[in-house]
Amino acid sequence: MLACLAILIAAASPVSAGAAQTAGKTQNVVLIVSDGLRWQEIFTGAEEDLLNDNAGGSWLPEADLRKRYWRATAAERREALFPFLWGTVAKRGQIFGNQTLGSIARVSNGKAFSYPGYNEMSTGFANDVIDSNEFGPNPTQSVFEWLNKFDDFRGRVAIFGTWGVFKDIFNERRSGLVIQAGWTPPPGQIPPTPRDALLRRLYATTTPLDEEDVDNSFLQVALLDYVKSARPRMLFVGYGETDNWAHQGRYDLVLDSAHRTDAFIGELWDTMQAMPQYRGSTTFIITTDHGRGGGLTEWKEHGVEEKGSENIWVAVIGPDTPVLGERRGGPALVQAQIAATLAAFLGKDYRAAVPRAAAPIADVLH
Ligand SMILES: [Zn+2]
């Protein structure tokens, strides 16, 4: 996740103010982020110009790659790439950010790289001071840290992310949140089960592609175990691979990791829906921390240099979200709205405590 220090000139304007809170059916919320996954792939599927070795850096033969992800229409391509998102989330919830339909979602932090994005979505506003992924512990409390102080949430709020920097973004030391991040092996049970021991061995013996970012597949095992045993009410899940493979210039693996991330999100949804605590009372918000550039080269990178990196997408599914499917037109949605939206689903008014936080996304709340 490359840091970029320049400042984005275009300012994002905030947006639809909404109801502060709901007293709906949602008792549990999960914010899920696939790092640097572009709206272009979400809404139109694989990009034909990049399905090759030359521009897309693919090691897979072109014919095999096309067989996997190329289809005649955008609707077919995106369903082939994201079967859970389009087969379940969009059919039973809402998805914002298809610019070809005039639906705009974007970051307001002016930077379009990771730490500013995760900060914006989790605190409710952009912080200009955060100008690097190596910034260190976040001075601002997140909505997760805030919720964890209520009696009915204390100890039931957890952060699971592949990227080690989440320990800083969610300020592990100050927040006291449960944080499973990076290559730190998950604690597992005491004494460790054979499954815990195997997972710890894999964490310790796998050669990292990125020393700060563990493979999504390892985190997924720890995540599912934690959900089943600790039953959190508020959860953050961060998957990093989609960003890493783009920076490596491997479009074939961007698509494979995007496809697998979609499956992991579906697996988490199914796992939770099979548990009485979560069935019919859990809302997922699924999004990305930033977009990327376009064309034959700039898809690999993101930031102020790569035009369009401010554009994101946001999907919501849960018992309180009207089924409006793929959104068309409407005011631009900004990433900062996510924090108050998470709280509103749980009946909490985040802006009463943090007035500068952006308004919740009214259309996804009853
Ligand atoms: Zn990156």
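Residues numbered from 1 in each chain as written. Predicted model: local features only at pLDDT ≥ 70, side-chain atom pairs only at ≥ 80, totals over all residues. Heavy atoms only, no water.

**Student:** Explain the coordination of the zinc ion here, please?
**Tutor:** Angles at a metal have ideal values that depend on geometry: 109.5 degrees with four tetrahedral donors, 90 or 180 degrees with six octahedral donors. Every protein donor of the zinc ion is accounted for by Asp 243 (OD), Asp 243 (OD), His 247 (NE2) and His 302 (NE2), and the metal-donor separations fall at 2.1 to 2.6 Å. In this structure, the zinc ion is coordinated by four donor atoms arranged in irregular fashion, with angles at the metal of 54 to 144 degrees. Sequence spacing of the donor residues for the zinc ion, all on one chain, is D-x3-H-x54-H. With Asp 243 and His 247 both in helix 11 (residues 241-247) and four residues apart, the pair spans about one turn of that helix. Each member of the pair, Asp 243 as well as His 247, carries the same accessibility label: buried. (Donors = N, O, S within 2.8 Å, 3.2 Å for Na, K, Ca; no water. Tetrahedral: all angles 85-135°; square planar, octahedral: opposite > 155°, others 65-115°. Helix = DSSP H or I, 4+ residues; strand = E, 2+ residues; numbered from the N terminus. Buried < 20%, exposed > 50% of the residue type's maximum accessible area, 1.4 Å probe, protein only.)

**Student:** Looking at this structure, I do not really get the pattern of salt bridges. What am I missing?
**Tutor:** Side-chain pairs of opposite charge can arise where the charged atoms are in close proximity. Here the structure, examined in full by the defined rule, presents 13 salt bridges. Put simply, Arg 38 and Glu 47 hold a salt bridge, and the shortest N to O gap is 2.8 Å. Residue Arg 38 is classed as buried on the basis of its relative accessible area of 3%. A salt bridge links Asp 256 to Arg 68, with the shortest nitrogen-to-oxygen separation between them at 3.0 Å. Here Arg 68 lies in helix 2 (residues 62-69) and Asp 256 lies in helix 12 (residues 251-273), a separation of 188 residues in the sequence. In the salt-bridge network here, residues are joined through shared partners; they are Arg 38, Glu 41 and Glu 47. (Salt bridge = Lys/Arg side-chain N within 4 Å of Asp/Glu carboxyl O.)

**Student:** Whenever I open this one, the sheet that holds strand 5 (residues 178-181) confuses me. Can you help?
**Tutor:** Across a sheet, strands are paired by hydrogen bonds formed along the backbone, either parallel or antiparallel in direction. Ordered by their spatial adjacency, eight strands build an open sheet running 5-4-6-1-7-8-2-9, and the pairing between neighbours is mixed. Sheet topology places strand 5 and strand 9 (325-326) at the edges, where each strand pairs with a single neighbour. Sheet analysis places strand 1 (residues 28-34) next to strand 7 (residues 282-287), joined by six bridges and oriented parallel. In the sheet register, Ile 32 faces strand 7, and the bridge partner there is Ile 286. (Pairing = 2+ DSSP bridges.)

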